[in-house]
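Geometric and topological summary
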Amino acid sequence: MASALVPAHRVRIINRERTASFCECIYCGMKATQGKLTDEHVIPFALDANAVIEKASCESCAAITARLEQVLARQILAQYRAHIGEQTRRPGERPTKFKFQASVNGGPLAEFEAPVSEAPYFTYMPIFNPPGIFIGAQPMREFEVSEVHRYEWVPNTLRAIVGANAGDNVQIANTQLPFRFDLFARALAKIAYCQAIASYGLDGFRRLVTAKLILGHYPYVPYFVGSSLELPPPAGPAAAKHSVVLQYTNIHRLNLFTATIRLYANSGTDEVGMPFYDVVIGAPPFTR
């Protein structure tokens, strides 16, 4: 098992923070002289994070990372984002109402519609085993455990919305959209990798296979990305929307460079907050 974590560098995502270009694609290494480079967000813009590495991604790699960000913004966290009014580049496409199904006193399910601010919703956050390298597992393509923590919000006006009386039992149907756990894990790896690059530069650590994993060229994602199956602790301070903590972690005599990520770290209840995810980004730089 892992030893105690020793932080190498604690980083909170700072709004509007910008990192100067490295004049090459941080994923494939294409030079600025060979083609167009675009800005890369550390955490997706759609999650209200504006930390950027300038001109950091070629068009080909940017297309891949954009798809990974869509898994977070348009699938897993879509309803939550709409409910809290998170920033979006496409405000005209944002729904103003949510549909949901509910039954009263065990009756048949019926469909209802309510404004986003009043509609109940569920958010499902994937969880897995710890990264395989943490627990001495062999590299594998599929997650041995792929479950979800379900977070829900139900308005006080629910009975009025569905036409129920005081004391009636109202059951809301769970609506979990299908998603791929490997794409979610690669999106986490992208966040960890970008934060490490922004903090330490291209040569501040050994990058190993991280870029290939993000781009989908390395298949053993569960070996480097994972979480805990335990219920997470309560939400953190309100001012810290997302957190990324970079650290050196000693695993089975290996000194690894890792990140612990908590998206919407300030969201949750007094008992349970959002999950923590661990990503193995690389290893410390060689010393002479």
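In what follows, the structure referred to is the one given above.
Because the structure is predicted, anything quoted here is derived from the model rather than measured.

1. Points about helix α4 (residues 181-200)
The α-helix advances 3.6 residues per turn, and as a result positions three or four apart in sequence lie on the same side. With 20 residues, α4 ought to run about 28 Å at 1.5 Å a step, and its terminal C-alpha atoms sit 28 Å apart, in line with that. Among the 20 residues in α4, 16 count as buried, and that is most of the element. At the C-terminal side of α4, Gly-201 shows a positive phi close to 85°.

2. Quick word on empty space enclosed by the protein
Taking a probe equal in size to a water molecule and rolling it over the atoms shows the remaining empty space. Evaluated as defined, the whole model comprises three cavities of 30 Å³ or more. Around the largest cavity sit 15 residues that line it, and Asn-129, Pro-130, Met-140, Glu-144 and Pro-222 are the ones nearest its centre. The residue inventory of the lining of the largest cavity, partitioned by class, reads 10 nonpolar, four polar and one charged. Here the second largest cavity defines a volume of roughly 80 Å³. Taken together, Gln-79, Phe-98, Lys-99, Phe-100, Gln-101, Pro-120, Tyr-121, Phe-122, Ile-172, Ala-173 and Thr-175 make up the full set of residues lining the second largest cavity.

3. Overview of the sheet that holds strand β5 (residues 97-104)
What links the strands of a sheet is backbone hydrogen bonding, and the strands pair in either a parallel or an antiparallel sense. In spatial order, the strands read β6-β5-β9; together these three strands make up an open sheet with antiparallel pairing. The sheet is open, and its two edges are formed by β6 (110-115) and β9 (170-172), each paired on a single side. Averaged over all pairs of adjacent strands, the angle between strand axes in this sheet comes to 45°, irrespective of strand direction.

4. Focus on the side chain of Arg-262
Residue position: Arg-262 is located in strand β12 (residues 254-262). Salt bridges are absent for the buried Arg-262, whose nearest opposite-charge side chain, Asp-278, sits at 11 Å. Polar side-chain contacts of Arg-262 include one of 2.7 Å to the backbone oxygen of Met-274.

5. Regarding the pattern of salt bridges
One pass over the structure, following the stated rule, counts eight salt bridges. For the salt bridge of Lys-31 with Glu-24, the shortest nitrogen-to-oxygen distance reads 2.8 Å. When its relative accessible area of 38% is taken as the criterion, Lys-31 is described as partly exposed. Given a relative accessible area of 15%, Glu-24 falls into the buried group. Note that Asp-48 is salt-bridged to Lys-241, the shortest N-O span being 2.8 Å. Of this pair, Asp-48 sits in the loop between β3 (37-41) and β4 (52-58) while Lys-241 is found in the loop between β10 (225-227) and β11 (243-251), placing the two residues 193 residues apart along the sequence.

6. Concerning the nonpolar core
One broad trend across soluble globular proteins is that nonpolar side chains are buried collectively. Grouped together as the largest cluster of nonpolar side chains are 66 residues, with contacts concentrated most on Ile-26, Tyr-27, Phe-184, Tyr-193 and Ile-281. Contributing elements (two or more residues each) for this core: β4, α1 (59-76), β7 (121-128), α4, α5 (210-215), β11, β12 and β13 (277-282). Once residues lying within four places of it in the same chain are set aside, the contact partners of Phe-184 are Val-71, Leu-72, Ile-76, Met-125, Pro-126, Phe-128 and Tyr-277. Within the second largest apolar cluster, 15 residues are counted, among which are Phe-122, Tyr-124, Leu-158 and Ile-172.

What counts, and at which threshold
- Residues numbered from 1 in each chain as written.
- Predicted model: local features only at pLDDT ≥ 70, side-chain atom pairs only at ≥ 80, totals over all residues.
- Heavy atoms only, no water.
- Helix = DSSP H or I, 4+ residues; strand = E, 2+ residues; numbered from the N terminus.
- Expected span 1.5 Å × (residues − 1).
- Buried < 20%, exposed > 50% of the residue type's maximum accessible area, 1.4 Å probe, protein only.
- 1 Å grid on protein atoms, 1.4 Å probe; cavity = no way out; pocket = protein on both sides within 12 Å on 5 of 7 lines; lining within 4 Å.
- Points joined across faces, edges and corners; volume = space filled by probe spheres on them.
- Nonpolar A, V, L, I, M, F, W, Y, C, P; charged D, E, K, R; others polar.
- Pairing = 2+ DSSP bridges.
- Axes fitted to C-alpha atoms, helices over the stretch in contact; angles between N-to-C directions.
- Lys, Arg positive; Asp, Glu negative; His and termini not counted.
- Salt bridge = Lys/Arg side-chain N within 4 Å of Asp/Glu carboxyl O.
- Polar contact = N/O pair within 3.5 Å; in protein donor to acceptor, adjacent residues only side chain to side chain.
- Core = buried A, V, L, I, M, F, W, Y, C linked by side-chain atoms within 4.5 Å.
- Contact = heavy atoms within 4.5 Å.

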